[in-house]
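For reference, the chains in residue letters:
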Amino acid sequence: MFEETVYLDNSAGTRLDERVLEAMRPYFFDTYAVATSEFGYSMGIEAREALDRARATLAARLGAAQAEEFIFTSGGTESSNMALKGVALALGEKKGKHIITSRIEDFPVLNTAAALGRQGFRVTVLEVDGDGFVDPQAVDKAISSDTILASIQHANQEIGTIQDIDAIARICRGKGVLLHIDATHSFGRVALDVGSTPVDLVTVSGHTIHGPKGVGGLYLRSGTPLAKWMDGGFQEFNHRAGPEDIPSAVGFAAAAELMTDEESDLLGGLRDHLLSRALAEIPHTSLNGHRTKRLPQNGNITFHYVEGESITLQLDMRGFAVSTGSACFSKSLEASHVILGIGGDHERAHGSVRFSLGRYNTKQDVDGVIDAIAEVVGELRAISPLTPDDTKG
Amino acid sequence: MAFPYSEKVLEHFRHPRNVGKIEDADGKSTEGSPACGDMVAVYIKVDDEKKVIDDIKFESYGCASNIATGSIITEMAKGKTLGEAKKITWKEASEELGGLPPVKAHCSVLAVEGLRSAIRDYEERHGLIEERVPTTVEIITKRLRHVMNPLRGLDIVRTNLIKDIKFEDGVVTIVADLPPDHQFASVIKTDIAEKIEPLWDVHQVEVEFTG
């Protein structure tokens, strides 16, 4: 049904790679037992070995010293909840109740921080600059004696801005504050090595890397205090109760192995082509985010004088799937907190369109969407009372 | 395809009728603001004898519901008397379109309000408001409910932006709780003036910002 759709919303979720499905298949029908200890039966032992291999692959991908530092979860949302609530529960009474985050974090971090705020934690939400950068010095200044954790994203979900995590990590480490980074959108696309960058917790997810949806992980540096907040069995080194989802874990690892620098460079080239064509050929447009320090798969542009839901619906009818920061597009009817966070007004959020690229996109797709959007924006501007007369044409 | 909109909404969205400006309009209005994400401008030409809407055009900055409602309302109002056109409701416009998602009511109601405001604008300009009710703070407040607070996407009265309203000797003085150098101060001031100035016994509108 959607064969003809040009899908450019890969940051929301990606198409599964067939090779990932093949890797997963045996764990649905052949080795379908849950993981058992080495004293269990053969099928359970084999399942555990598959889980261990998947864990080792993902841990290595992040540069972890030990495979045991990687905990499987049900996705990025759970990982970020686990990181923030786990540290807060472990250190809140012992060390302090202050947490630092930024204004443009994705909802799992932002709303978990807010939930902790309602439970008596003090939350500092740092502002970002016009490109979406958190100033590492601002993190430094925000730290006080009761600060237990900072949670700053690696790269932004909407505008793709890549933070100077190295600098932020060094500041936090220097002051004895734990650092969690949400790497949901950067994992596999932007290099991260926890061996050289002193972060303590890292959120990753399968759905952004052509892996299965509903599986994620949390890198937890050995020795990091983390209270268990979901009770049950003793799986995942007693950090996460419940039987492991072996097929998904195997699929997640297979997907991670298929992510290459070559592919990221290729997508970066497509992104540059998309941005330069759109900004040069369509008048009254603004780039959201930094031109180069951004995810290779992300482009985000505001088309002034028009509203995003109208753009996305018109594009959908022409066979292109993109998303917008407009209030009208969201279930909550709230404009993008990221565009507002970088100092944009509501009009800039309403007219913003995110293009996020993936493995199956081509130059033809990019040219197609730019041609289509030029037409759509032209039509919508022709009926907009905000359009300056010289642009109506 | 599982669009949340009826075929007719999509049809009007893709091919809106009666779009554009009427340069020498007899009545015009704008409802909403860029900040709240939806804005509609309505222009009418009126047959002064028969009080019939001869021509009507609209412009829209907004989502699909907003555009489609603007389009349908112009079709419904064209050829109707001012009295008939004034009575068109959001519900009728929505039914004519085959239904709109309830969550989109606030985007589409703007077009209906836009039509009514354009008619009122015509009536005020032509001295057709029969009972010349003296302006009161209540009347001013009612009109201010049509001015959006861009910070919140809701009107300036509901969001407690208005601290005081005075009306003396034809001069309206409105005190808004916003710094004078705020990015939205001038937009709000223009919007307020547009809504209050047409009142027959108002000669001047002053907006003071104290934030």
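Definitions and limits used
Residues numbered from 1 in each chain as written. Chains lettered and ligands numbered in written order. Predicted model: local features only at pLDDT ≥ 70, side-chain atom pairs only at ≥ 80, totals over all residues. Heavy atoms only, no water. Helix = DSSP H or I, 4+ residues; strand = E, 2+ residues; numbered from the N terminus. Rg over C-alpha atoms; globule rule 2.2 N^0.38 Å. Buried < 20%, exposed > 50% of the residue type's maximum accessible area, 1.4 Å probe, protein only. Contact = heavy atoms within 4.5 Å. Areas by Shrake-Rupley, 256 points an atom, 1.4 Å probe, with all protein chains shown as cover. Lys, Arg positive; Asp, Glu negative; His and termini not counted. Charge placed at Lys NZ, Arg CZ, Asp CG, Glu CD. Salt bridge = Lys/Arg side-chain N within 4 Å of Asp/Glu carboxyl O. Domains from an automatic or database assignment. Buried area = accessible area lost by both parts, 1.4 Å probe. Polar contact = N/O pair within 3.5 Å; in protein donor to acceptor, adjacent residues only side chain to side chain. Nonpolar A, V, L, I, M, F, W, Y, C, P; charged D, E, K, R; others polar. Axes fitted to C-alpha atoms, helices over the stretch in contact; angles between N-to-C directions. Parallel < 35°, antiparallel > 145°, perpendicular 65-115°, else oblique. Left-handed = near helix turned anticlockwise from the far one by under 90°. Pairing = 2+ DSSP bridges. Patch = residues over 30% accessible without salt bridge, like charges linked within 9 Å, V, L, I, M, F, W, Y side chains within 5 Å.

Caption draft 1: Highlighting the overall build of chain B. Regarding its fold elements, chain B presents seven helices and eight strands. In terms of overall size, chain B behaves like a compact globule, its C-alpha atoms giving a radius of gyration of 18 Å where 211 residues would be expected to give roughly 17 Å. By principal-axis analysis of the C-alpha atoms, chain B measures approximately 50 × 45 × 25 Å. Among the 211 residues that make up chain B, the fraction classed as buried is 51%. Excluding contacts between residues fewer than 6 apart, the proportion of contacts in chain B whose partners are at least 24 apart in sequence is 61%. Here chain B has roughly 10,000 Å² of accessible surface; of this, 49% comes from carbon and sulfur atoms. Looking at charge distribution, chain B has the averaged site of its 28 positive side-chain charges lying 4 Å from that of its 37 negative ones.

Caption draft 2: The arrangement of the pattern of salt bridges in detail. Applying the stated criterion to the full structure yields 39 salt bridges over all chains. Notably, a salt bridge pairs A:R291 with A:D272, separated by 3.6 Å at the nearest N-O pair. Linking A:R291 in the loop between β9 (285-287) and β10 (298-303) with A:D272 in helix α10 (residues 261-281), this pair joins segments that are 19 residues apart in sequence. As a salt-bridge pair, B:K8 and B:E96 come within 3.9 Å of each other at their nearest N and O atoms.

Caption draft 3: Region of the structure containing the domain arrangement of chain B. Residue and element names in this part refer to chain B. Looking at chain B, the domain boundaries give domain 1 (7-125) and domain 2 (137-209). Placing the centre of domain 1 and that of domain 2 at their C-alpha centroids yields a distance of 24 Å. Across the contact, nine residues belong to domain 1 and nine residues belong to domain 2. Summed over both sides, the interface between domain 1 and domain 2 buries roughly 770 Å², with carbon and sulfur atoms accounting for 49% of that surface. The interface formed by domain 1 and domain 2 includes one salt bridge.

Caption draft 4: Expanded view of the side chain of A:H337. With respect to the secondary-structure elements, A:H337 resides in helix α12 (residues 337-341). If near-sequence neighbours (up to four positions away) are discounted, A:H337 is found in contact with A:R103, A:I104, A:E105, A:F107, A:L110, A:Q157 and A:E158.

Caption draft 5: Broad picture of the environment of B:E23. Residues and elements named next belong to chain B. With respect to the helices and strands, E23 occurs in the loop between α1 (7-14) and β1 (27-33). By relative accessible area, which is 71% here, E23 ends up exposed. Once the C-alpha coordinates of E23 and Y43 are considered, the two residues, 20 residues apart in sequence, prove to be 8.6 Å apart.

Caption draft 6: Expanded view of the domain arrangement of chain A. All names here are of chain A. What the domain assignment lists for chain A is domain 1 (18-258) and domain 2 (260-392). Measuring from the centre of the C-alpha atoms in domain 1 to the corresponding centre in domain 2 gives 30 Å. Between domain 1 and domain 2, the contact holds 29 residues from the first and 25 residues from the second. Here domain 1 meets domain 2 over a buried area of about 2,300 Å², counting both sides, of which 50% is carbon and sulfur. Between the two partners, domain 1 and domain 2, sit one salt bridge. Salt-bridge contacts for R189 lead to E263; the nearest nitrogen and oxygen are separated by 3.0 Å. Broken down by secondary-structure element, the contributors of at least two residues to the side of domain 1 that touches domain 2 are α1 (18-24) and α5 (107-118).

Caption draft 7: Quick look at the interface of chain B and chain A. Facing 31 residues of chain B, the contacting portion of chain A comprises 24 residues. A buried area of about 2,300 Å², summed over both sides, lies between chain B and chain A, and 67% of it is on carbon and sulfur atoms. Taken together, the connections running from chain B to chain A amount to zero salt bridges. At the boundary of chain B and chain A, one finds five residue pairs in polar contact (both at pLDDT 80 or more). At the level of secondary structure, the elements contributing two or more residues to the side of chain B that touches chain A comprise α1, β2 (38-47), β3 (52-61), α2 (64-77) and α5 (105-125) of chain B. Its residues assigned to classes, the side of chain B that touches chain A shows 21 nonpolar, five polar and five charged.

Caption draft 8: How the structure looks around the packing of helix α6 (residues 137-144) of chain B against helix α7 (residues 185-196) of chain B. All names here are of chain B. Taken N-terminus to C-terminus, the directions of α6 and α7 make an angle of 125°; their axes are 9 Å apart at the nearest point. Between α6 and α7, the interaxial angle falls into the category oblique. Between α6 and α7 lies a crossing whose hand is right-handed. The residues of α7 that touch α6, namely those facing I140, R143 and L144, are I192, K195 and I196. Taken together, the residues of the contact of α6 with α7 break down into four nonpolar, no polar and two charged.

Caption draft 9: Focus on the sheet that holds β2(B). Residue and element names in this part refer to chain B. Read across the sheet, three strands follow the order β1-β2-β3 without closing on themselves; strand pairing throughout is antiparallel. With partners counted over all chains shown, the strands left at the sheet margins are β1 and β3, one partner each. Neighbour-to-neighbour, the strand axes of the sheet open up by a mean angle of 15°, direction not taken into account. Both β1 and β2 contribute to a ladder of seven bridges, which runs antiparallel. When the bridges of β2 are listed, S33 appears paired with D38. Sheet strands touched by α2: β2 and β3. Its angle to β3, the strand with the most contacts, is close to 175°. Across the face of the sheet, α5 comes into contact with β1, β2 and β3 while running at roughly 150° to β1.

Caption draft 10: Fine view of the environment of B:M76. All names here are of chain B. Assignment of secondary structure puts M76 in helix α2. Taking relative accessible area as the criterion, M76 reaches 14% and is therefore assigned buried. Sequence separation of M76 and R125 is 49 residues, and the distance between their C-alpha atoms is 23 Å. Leaving out residues up to four positions away in the same chain, M76 has contacts with I88, E92, A93 and E96.

Caption draft 11: Representation of a nonpolar patch on the surface. Together, A:L89, A:W229 and A:M230 give the surface a local cluster of nonpolar side chains, amounting to about 280 Å² of exposed area. Residue placement: A:M230 occurs in the loop between β8 (216-220) and α8 (235-238).

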